[in-house]
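Listed below, chain by chain, are the residues.
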Amino acid sequence: MKVLVPVKRVVDANVKVRVKADGSGVDTDNVKMAMNPFDEIANEEAIRLKERGVASEVVAISIGPAKCSETLRTALAMGADRAIHVLTEAEVQPLAVARILKAIVEREQPGLVLMGKQAIDDDSNQTGQMLAGLLGWPQATFVSRLEIMEGEAEAGREVDEGIEVIRFRLPAVVTVDLRLNEPRYASLPNIMKAKRKPMDQLTPEELGVDTTPRLRYLEVQEPPGRQAGVKVASVQELVAKLKEEAGVI
Amino acid sequence: MAVLVLAQHDNRVLDPAVLHVVTAARQLREEVDLLVAGRDAGEVAKAAAAVAGVRRVLHAEHEAYADPVAEDLTPLLLRLMEGYDYLLAAATTFGKNVLPRVAALLDSAQISDIVEVLGPDRFKRYIYAGNALATVESADDKRVLTVRTTAFEAAPAEGGAAEIVAVEPAEPTGLARFLRREVHRSERPELTSARIVVSGGRGIGSAENFRILEELADVLGAAIGASRAAVDAGFAPNDWQVGQTGKIVAPELYLAVGISGAIQHLAGMKDSKVIVAINKDEEAPIFQVADYGIVGDLFKIVPELTEEIRRARAA
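These numbers come from a predicted model, not from an experiment. (Residues numbered from 1 in each chain as written. Chains lettered and ligands numbered in written order. Predicted model: local features only at pLDDT ≥ 70, side-chain atom pairs only at ≥ 80, totals over all residues. Heavy atoms only, no water.)

A. Representation of the pattern of salt bridges within the structure. Enumeration according to the criterion identifies 42 salt bridges over all chains in this entry. Taking the shortest distance from any N to any O, the salt bridge between D81(A) and K50(A) comes out at 2.6 Å. Here D81(A), found in the loop between α2 (68-78) and β5 (82-87), pairs with K50(A), found in helix α1 (residues 37-51); they are 31 residues apart in sequence, far enough to count as distant. Across the pair R226(A) and D291(B) runs a salt bridge whose closest N-O atoms are separated by 2.7 Å. Here R226(A), found in the loop between β12 (215-221) and β13 (230-231), pairs with D291(B), found in the loop between β14 (274-279) and β15 (292-295), and the two come from separate chains. Residue class for R226(A) comes out partly exposed when judged on its relative accessible area of 23%. Where salt bridges share partners, they join K2(A), E57(A), R82(A) and E108(A) into one cluster. (Salt bridge = Lys/Arg side-chain N within 4 Å of Asp/Glu carboxyl O. Helix = DSSP H or I, 4+ residues; strand = E, 2+ residues; numbered from the N terminus. Buried < 20%, exposed > 50% of the residue type's maximum accessible area, 1.4 Å probe, protein only.)

B. Main features of the interface of chain A and chain B. Listed by partner, the interface residues are 75 residues for chain A and 87 residues for chain B. Summed over both partners, the interface of chain A with chain B comes to about 7000 Å²; 53% of that surface belongs to carbon and sulfur atoms. With a shortest N-O distance of 3.0 Å, D107(B) and R99(A) are connected by a salt bridge. Counting across the chain A and chain B interface gives 51 residue pairs in polar contact (both at pLDDT 80 or more). Going through the elements one at a time, α3 (94-108), α4 (127-135), β7 (139-148), β8 (152-159), β9 (162-169), β12, β13 and α6 (235-245) of chain A are the ones with two or more residues in the side of chain A that touches chain B. (Contact = heavy atoms within 4.5 Å. Buried area = accessible area lost by both parts, 1.4 Å probe. Polar contact = N/O pair within 3.5 Å; in protein donor to acceptor, adjacent residues only side chain to side chain.)

C. Seen up close, the environment of A155(B). With respect to the helices, strands and loops of the structure, A155(B) is situated in the loop between β8 (143-147) and β9 (163-167). Counting along the chain gives 131 residues from A155(B) to A24(B), while the straight-line C-alpha distance between them is 9.2 Å.

D. The sheet that holds β5(A), seen in detail. Pairing is mixed in the open sheet, where 10 strands are placed in the order β11(A)-β5(A)-β4(A)-β1(A)-β6(A)-β10(A)-β7(A)-β8(A)-β9(A)-β10(B). Edge positions in the sheet fall to β11 (199-202) of chain A together with β10 (176-183) of chain B, since each has one partner strand and no second. The sheet shows a mean angle of 30° between the axes of neighbouring strands, direction not considered. The pairing of strand β1 (residues 2-6) of chain A with strand β6 (residues 112-116) of chain A spans two bridges and is classified as parallel. If you follow V3(A) over to β6(A), its bridge partner there is L112(A). Most of the contacts of helix α4 (residues 93-105) of chain B go to β7(A), to which it runs at about 100°, and overall it touches β7 and β8 of chain A. (Pairing = 2+ DSSP bridges. Axes fitted to C-alpha atoms, helices over the stretch in contact; angles between N-to-C directions.)

E. Quick look at the packing of helix α3 (residues 70-80) of chain B against α4(B). Residue and element names in this part refer to chain B. Where α3 meets α4, the axes come as close as 9 Å, and the angle between the chain directions of the two elements is 50°. By the angle between their axes, α3 is oblique relative to α4. Between α3 and α4 lies a crossing whose hand is right-handed. On α4, the residues touching A70, E71, L73, T74, L77 and L78 of α3 are F94, N97, V98, R101, V102 and L105. Along the lines of polarity and charge, the residues of the contact of α3 with α4 split into eight nonpolar, two polar and two charged. (Parallel < 35°, antiparallel > 145°, perpendicular 65-115°, else oblique. Left-handed = near helix turned anticlockwise from the far one by under 90°. Nonpolar A, V, L, I, M, F, W, Y, C, P; charged D, E, K, R; others polar.)

F. Structural detail: the packing of aromatic side chains. For the structure shown, the criterion picks out one aromatic pair over all chains. A centroid spacing of 5.8 Å and a plane angle of 50° characterise the contact between F210(B) and W240(B), whose relative ring orientation is tilted. Here W240(B) lies in the loop between α6 (228-232) and β13 (253-257) and F210(B) lies in helix α5 (residues 210-220), a separation of 30 residues in the sequence. The exposure classification of F210(B) matches that of W240(B), with both residues buried. Between the NZ or CZ atom of K231(A) and the centre of the ring of F287(B), over which it lies, the distance is 4.6 Å. (Phe/Tyr/Trp six-rings, centres within 6.5 Å; stacked < 30°, edge-to-face > 60°. Lys NZ or Arg CZ within 6 Å of the ring centre and 35° of its normal.)

G. Main features of unusual backbone geometry. Following L170(A), the chain continues into P171(A) via a peptide bond in cis, with omega recorded as 0°. The topology assignment puts P171(A) in the loop between β9 and β10 (172-176). You will see that N11(B), though not glycine, has its phi angle at about 75°, which is positive. Although it is not a glycine, D40(B) sits at a positive phi angle of roughly 55°. In this structure D40(B) comes out as exposed when scored by relative accessible area, which is 64%.

H. Looking closely at α5(B). Residue and element names in this part refer to chain B. Of all 11 residues in α5, eight are buried, a share of seventy percent or more. Listing the buried residues of α5 in full gives F210, I212, L213, E214, L216, A217, V219 and L220. Here the buried face of α5 lies against β11 (196-200), β12 (223-226), α6, β13 and α8 (298-314).

I. Summary view of the side chain of N238(B). Tracing the backbone through its elements, the reader meets N238(B) in the loop between α6 and β13. Side chain to side chain, N238(B) and E158(A) meet in a polar contact 2.6 Å long.

J. How the structure looks around the nonpolar core. In this structure, L4(B), L35(B) and L77(B) are the most contacted members of the largest nonpolar core, which totals 54 residues. Counting residues per element, this core draws most heavily on α3(A), at nine residues. Residue contacts for L77(B): discarding those within four places in its chain leaves L4(B), L6(B), L35(B), L87(B), V98(B) and V102(B). Formed by 47 residues, the second largest nonpolar core is a distinct cluster that contains A7(B), L28(B), V57(B) and A132(B). (Core = buried A, V, L, I, M, F, W, Y, C linked by side-chain atoms within 4.5 Å.)

K. A look at the pairing of strand β3 (residues 56-61) of chain B. All names here are of chain B. When strand β2 (residues 32-38) meets β3, the two strands line up parallel, connected through six bridges. Bridging from a neighbouring strand, V36 pairs with H59 of β3. Once the chain exits β2 it traverses helix α2 (residues 42-49) before rejoining the sheet at β3, and the crossover so formed is right-handed. Both β3 and β9 contribute to a ladder of five bridges, which runs parallel. (Right-handed = clockwise from strand over helix to strand, strands pointing away.)

L. Structural detail: the pairing of β13(B). Residues and elements named next belong to chain B. The element β13 is extensively covered by neighbouring structure, given that five of its five residues are classed as buried. Side chains L253, L255 and V257 of β13 all project onto a buried face; the interleaved residues Y254 and A256 project onto the opposite face, where all are buried too. Here β11 runs beside β13; their pairing, made up of five bridges, is parallel. By the bridge assignment for β13, G200 is matched with V257. The pairing of β13 with β14 spans five bridges and is classified as parallel. For Y254, the partnering residue across the bridge sits in β14 and is I275. Regarding the hand of the β-α-β motif, the stretch spanning β13, helix α7 (residues 263-269) and β14 is right-handed.

M. Focus on the confidence of the model for chain B. Mean pLDDT over chain B stands at 95; residues scoring 70 or higher make up 100%. Under the prediction, the complex receives an ipTM of 0.96, its pTM being 0.93. (pLDDT = per-residue confidence, 0-100.)

Below, the structure written as structure tokens:
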């Protein structure tokens, strides 16, 4: 079974992002970039499936500017077998990403697409569900437990009420949550080896996908702030304030 | 045209999240209809019809809707959406799972987790884990939106008199099925709708130590939450997690105990009315958003606070 893993290049999770003064977006110049953490977990899971003999090949995909090849090299260094870079300088929104991935699925015929439940930049949490819908495939979202069986799979999904267990047919789209696994670090020999692994380059046009943004981001602002309050010296003072000043207990 | 709201429920009770979505929906159109797809969900349909501001309740019954998977709700929603120009659901794991699948097949670019309706085509939503607030415009004929429930008041649960219309279910796809739910049983209020939330972070130190928070929560009648650090460390189950990747809460009182205040946690609770922080590190970022802070050892402060509140309550 071939597994496709879409990976997104995003601002590193440890960077405190800054809103541009002109309201046009978030400053990404000279900011450290990294693989979307949820996608890293998806890639790790795919590699483990291969190590267990469940998957035969792991193919990483990234959509975006030239620098996305770095993110793909990271995926290859972790253990993916080859990479596909869909090169575009333009902004690509979730529905267009899903369409590009659908076109690649049709070429590659994987048994499973494993991807992050959301990207930590736009926080949309849409692409996996959209891809599954467009393909008419089952979807297992927010997965923290995954078992592949003959022609089907079982997943534990992290839902608001706890864990929901579903069974679904393969091929399918699985989006992963934080607790599925802990991604490995790439070793130096594997980083060197990754440089020689194949990376194909395509464009959205070659895949016949129109990526014109459908949503317009008119303005990006600083979120409304919250004033720091007071420090109190004792529990008695705190309870008095909560009771009399704030009136919440 | 009108708004269709996908209602979330457990076949017995209408989820309170729906009331908040109705408020957002009414800011878009006068005509707001609710879809109740369930099994033996007549009581839910009745409750939905009583919500103020609802025009009509579409009630679809099928065995497959007892615990419906997105694959089986999608064909039903696609058929019904012929008569609507908006599809809304709460930005809960239920809504987040179903709506994008429908949106893609409607050729609509969904807008997730809206916190404000600026006009028929303009919305505000947070990006970058709450570090930036974006104004987004959609040019689609049919708009699909998930709604952050804490950003909209609840519509009154009573006072409406909507008609209930039975609609044909869609044929199940057989692609996926629900097996079971592993729920952490609790007598406490539900995290996202609780009036008071007591949350613990990495500073709590162990799963056993959460016991002291439980005692505090008990005297306050509060729900218990946790930071991602505490959940990742195995101190608390994941469904207690408050933050960008967990639950978004906005109670009247939020007590953050041993929580440093990582951005992603703040994103999940900073709209709380009153925030109290208890932390031994006076430089912890949580104090920058707290109305009241105490610097000190939480293992001394929390039991003392529990006792003091018990006394204040008794007085």
